Amino acid sequence: MTLQKQVLIWTVSFAVLVFFLWVFSSILLPFIAGLVLAYFLDPVADGLQKLGLSRLASALVIVFAALFVLVLGLVILAPMLADQVSKFASDLPNIIQALTLRFNEFAPDWMKDALARSGADIRGSVSEVAGKAAEWILGVLKTLLTGGLALVNLVSLLVVTPIVAFYLLEDWDDMIAKIDSWVPRDHVETVRMLGREINTAMAGFIRGQGTVCLLLGFFYAVALSVAGLRFGMAIGLFAGALTFIPYAGALIGGVLAIGVAVVQFWPEFWPIIMVAAIFAVGQFLEGNFLSPKLVGKSVGLHPVWLMFALFAFGYAFGFVGLLLAVPLAAAAGVLVRFALQQYLSSQLYLGTAEEPEAMPIPVSIADETGTPPVPHGQRPS
């Protein structure tokens, strides 16, 4: 098969996949969630098999344990989290107004004079921005409750996702072997090598970075709640969820937490310092223990490429796209690096190392004695 036919086949296959995701994106959420959950928990199933359990028993234990944790979280944490998020959205204008007052109280005179000369109305601008931010947060919450996570979709997540995860966990090794048997034998080693690299990148991010996000979210939520910070659990879980982007979780979560702490605890300094120290400790734990142990250096996803993939797939396919963004970004990164490596070792990049042969001189342009004509500007020898 020629290279052109192979490129055409893979291009058509990719177009069919994108069309399929676009058409069925509204019903794919529980299936994609089950696939991601099965991939995340496959090492746990392998570990239980090493302890003597069968693959079926391992899958059952994992699914029932995941369901127990999910139901426990919905019963205990979900009402508290929803209450904190709604109150934070409604209190956001007041929080920003209080921070503006603190700024006017402690900002240097030169900064106040510069703002006054510019004609900027800080209080009016802050009030307008705060109001729009609160409306946006409430709108997002309303969309989540009435749209993508409506009752039918929530029930499908709770019912269909565990079933899909159970069947995929049980048959995971057989599926991988079956897919391997479909690979053209002439290219099987190359495909296996790319598959191993894609799996390493996806495992490093989905399993490794996902575990880091869960651990840091739990740490931030518990520590901020113990410190007495309002909305501590919501801010902590939000900061943990953003940890998949380097420094974003600590930066955005830290700014939110310190801002709320200034409004809540002022003029006491120690609670504010404690809130800042919580995020400093979280960054220390992530950089020195969690990420080196759980993620390592095998992810290979640049933060800018990751954010672009999340925005692009989320815009195109909704919440299903968010679940697919990281795996597809990891796979695309591996394939692009492989294609670049092939290009750098090809004749297209390296060129030819052979000296070009001298062009023969046609007889018709030789003179009557058979001597080639002298180029213009040169003297005859």
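The notes below deal with the structure included here. It should be emphasised that the depicted structure is a prediction, and the values quoted were computed from it without experimental measurement. (Residues numbered from 1 in each chain as written. Predicted model: local features only at pLDDT ≥ 70, side-chain atom pairs only at ≥ 80, totals over all residues. Heavy atoms only, no water.)

1. Examining the overall build of the chain
Put simply, the test is: By the criteria applied, helices consist of DSSP H or I runs no shorter than four residues and strands consist of E runs no shorter than two, each listed in order from the N terminus. Note on exposure labels: buried denotes an accessible area under 20% of the residue type's maximum, exposed denotes more than 50%, and partly exposed covers the range between, all computed with a 1.4 Å probe on protein chains only. When checking whether two residues touch, look at their non-hydrogen atoms; a contact exists if any pair is within 4.5 Å. In short, Shrake-Rupley with a 1.4 Å probe defines the accessible areas, and a residue's cover is counted only from the protein chains shown.
From N to C terminus, the chain includes 13 helices and 0 strands. Secondary structure of the chain in N-to-C order comes out as α-α-α-α-α-α-α-α-α-α-α-α-α. Counting only residues that meet the buried cut, the chain has 30% of its 381 residues in that class. A separation threshold of at least 6 residues defines the contact pool for the chain, and within that pool the share at least 24 residues apart is 70%. Carbon and sulfur atoms provide 72% of the accessible area of the chain, an area that totals close to 24,800 Å².

2. Thoughts on the packing of aromatic side chains
Rules: In this scheme Phe, Tyr and Trp rings, the latter by its six-membered ring, pair at centre separations within 6.5 Å, and the angle between planes marks the pair as stacked below 30 degrees, edge-to-face above 60, and tilted otherwise.
By the definition in use, this model includes 10 aromatic pairs. Considering the side-chain rings of Phe 219 and Tyr 220, the 5.7 Å spacing of their centres and the 50° angle between planes classify their relative orientation as tilted. An aromatic cluster is defined as three or more aromatic residues linked by ring pairs; in this entry it consists of Phe 219, Tyr 220 and Phe 279.

3. Considering the nonpolar core
Side chains of nonpolar character tend, in soluble globular proteins, to be buried together. Rule in force here: Take the buried Ala, Val, Leu, Ile, Met, Phe, Trp, Tyr and Cys residues and link them wherever side-chain atoms come within 4.5 Å; each set so joined is a nonpolar core.
Formed by 29 residues in total, the largest nonpolar core has its most connected members in Tyr 39, Ile 62, Leu 169, Met 202 and Val 326. Looking at which element gives the most residues to this core, the answer is helix H7 (residues 188-226), with 7 residues. Formed by 24 residues, the second largest nonpolar core is a distinct cluster that contains Leu 216, Ala 223, Ala 239 and Ala 257.

4. What about the pattern of salt bridges?
Formally: For salt bridges, the criterion is a side-chain nitrogen of Lys or Arg within 4 Å of an Asp or Glu carboxyl oxygen.
Evaluation of the coordinates by the stated rule reveals 7 salt bridges. A salt bridge links Asp 46 to Arg 55, with the shortest nitrogen-to-oxygen separation between them at 2.7 Å. Judged by relative accessible area, which is 11%, Arg 55 ranks as buried. Across the pair Asp 180 and Arg 192 runs a salt bridge whose closest N-O atoms are separated by 2.8 Å. Of the two residues, Asp 180 is situated in helix H6 (residues 151-182) and Arg 192 in helix H7; the sequence distance between them amounts to 12 residues. Residue Arg 192 is classed as partly exposed on the basis of its relative accessible area, which comes to 31%.

5. Notes on the side chain of Arg 55
How we decide: Between N or O atoms, a polar contact is any pair within 3.5 Å; within protein, one atom must be a potential hydrogen donor and the other a potential acceptor, and residues adjacent in sequence are included only when both atoms are from side chains.
Relative to the helices and strands, Arg 55 resides in helix H3 (residues 55-106). Polar side-chain contacts of Arg 55 include one of 2.7 Å to the backbone oxygen of Leu 169. Leaving out residues up to four positions away in the same chain, Arg 55 has contacts with Asp 42, Ala 45, Asp 46, Gln 49, Leu 169, Glu 170, Trp 172 and Asp 173.

6. Side note on a nonpolar patch on the surface
Quick reminder of the rule: To count toward a patch, a residue needs a relative accessible area over 30% and no salt bridge; like charges are then connected within 9 Å, while nonpolar side chains (Val, Leu, Ile, Met, Phe, Trp, Tyr) are connected within 5 Å.
Taken together, Phe 68, Val 69, Val 71, Leu 72, Val 75, Ile 76, Leu 77 and Met 80 make up a surface patch of nonpolar side chains, about 760 Å² in accessible area. The exposure class of Phe 68 is exposed, given its relative accessible area of 57%.

7. What to know about the packing of H3 against helix H9 (residues 248-265)
Put simply, the rule is: The angle between two axes is taken between their N-to-C directions and runs from 0 to 180 degrees, where each axis is a line fitted to C-alpha atoms and a helix contributes only its stretch in contact. These descriptions rest on fixed angle ranges, namely under 35 degrees for roughly parallel, over 145 for roughly antiparallel, 65 to 115 for roughly perpendicular, and the rest for oblique. Side-chain classes follow a simple rule in which Ala, Val, Leu, Ile, Met, Phe, Trp, Tyr, Cys and Pro form the nonpolar group, Asp, Glu, Lys and Arg form the charged group, and the remainder, Gly included, forms the polar group.
In the contact formed by H3 and H9, the axes pass within 9 Å of each other and the chain directions differ by 70°. Taken together, the axes of H3 and H9 are roughly perpendicular relative to one another. Contacts between H3 and H9 pair Phe 88, Ile 95, Ala 98, Leu 99 and Arg 102 from the former with Leu 256, Gly 259, Val 260, Val 262 and Val 263 from the latter. In terms of residue class, the contact of H3 with H9 is made up of 8 nonpolar, 1 polar and 1 charged.

8. Re H7
Our working definition: Multiply 1.5 Å by the residue count of a helix minus one, and that product is the helix's expected span. The term bend refers to the angle at a residue between two fitted axes, each drawn through seven residues, those ending there and those starting there.
Between the first and last C-alpha of H7 there are 55 Å, a value that for 39 residues agrees with the 57 Å anticipated at 1.5 Å per step. Approximately 25° is the largest bend angle found in H7, and it occurs at Ala 203. A positive backbone phi angle near 85° is found at Gly 228, which sits one or two residues after H7.

9. Description of H3
Since there are 3.6 residues in each turn of an α-helix, residues three or four apart along the chain are aligned in direction. Given a rise of 1.5 Å per residue, 52 residues ought to cover 76 Å, yet the end C-alpha atoms of H3 are separated by just 64 Å, more than 12% below that figure. The largest bend in H3 is about 50°, located at Asp 91, with the proline Pro 93 one to four residues further on. Of the residues making up H3, those classed as buried are Arg 55, Ser 58, Ala 59, Ile 62, Val 63, Gln 84, Phe 88, Ala 89, Leu 92, Ile 95, Ala 98 and Thr 100.

10. Overview of the environment of Leu 99
Positionally, Leu 99 belongs in helix H3. For Leu 99, a relative accessible area of 31% corresponds to the partly exposed category. In the structure, Leu 99 is positioned 164 residues away from Val 263 in sequence and 6.6 Å away in space, judged by C-alpha atoms. Once residues lying within four places of it in the same chain are set aside, the contact partners of Leu 99 are Gly 259, Val 262 and Val 263.

11. Concerning the environment of Leu 294
Looking at the secondary structure, you find Leu 294 in helix H10 (residues 270-295). Taking relative accessible area as the criterion, Leu 294 reaches 36% and is therefore assigned partly exposed. Spatially, the C-alpha atom of Leu 294 lies 9.3 Å from that of Gly 210, the residues being 84 residues apart in sequence. Beyond its immediate chain neighbours, meaning those up to four positions away, Leu 294 contacts Gly 208, Thr 211, Val 212 and Leu 215.

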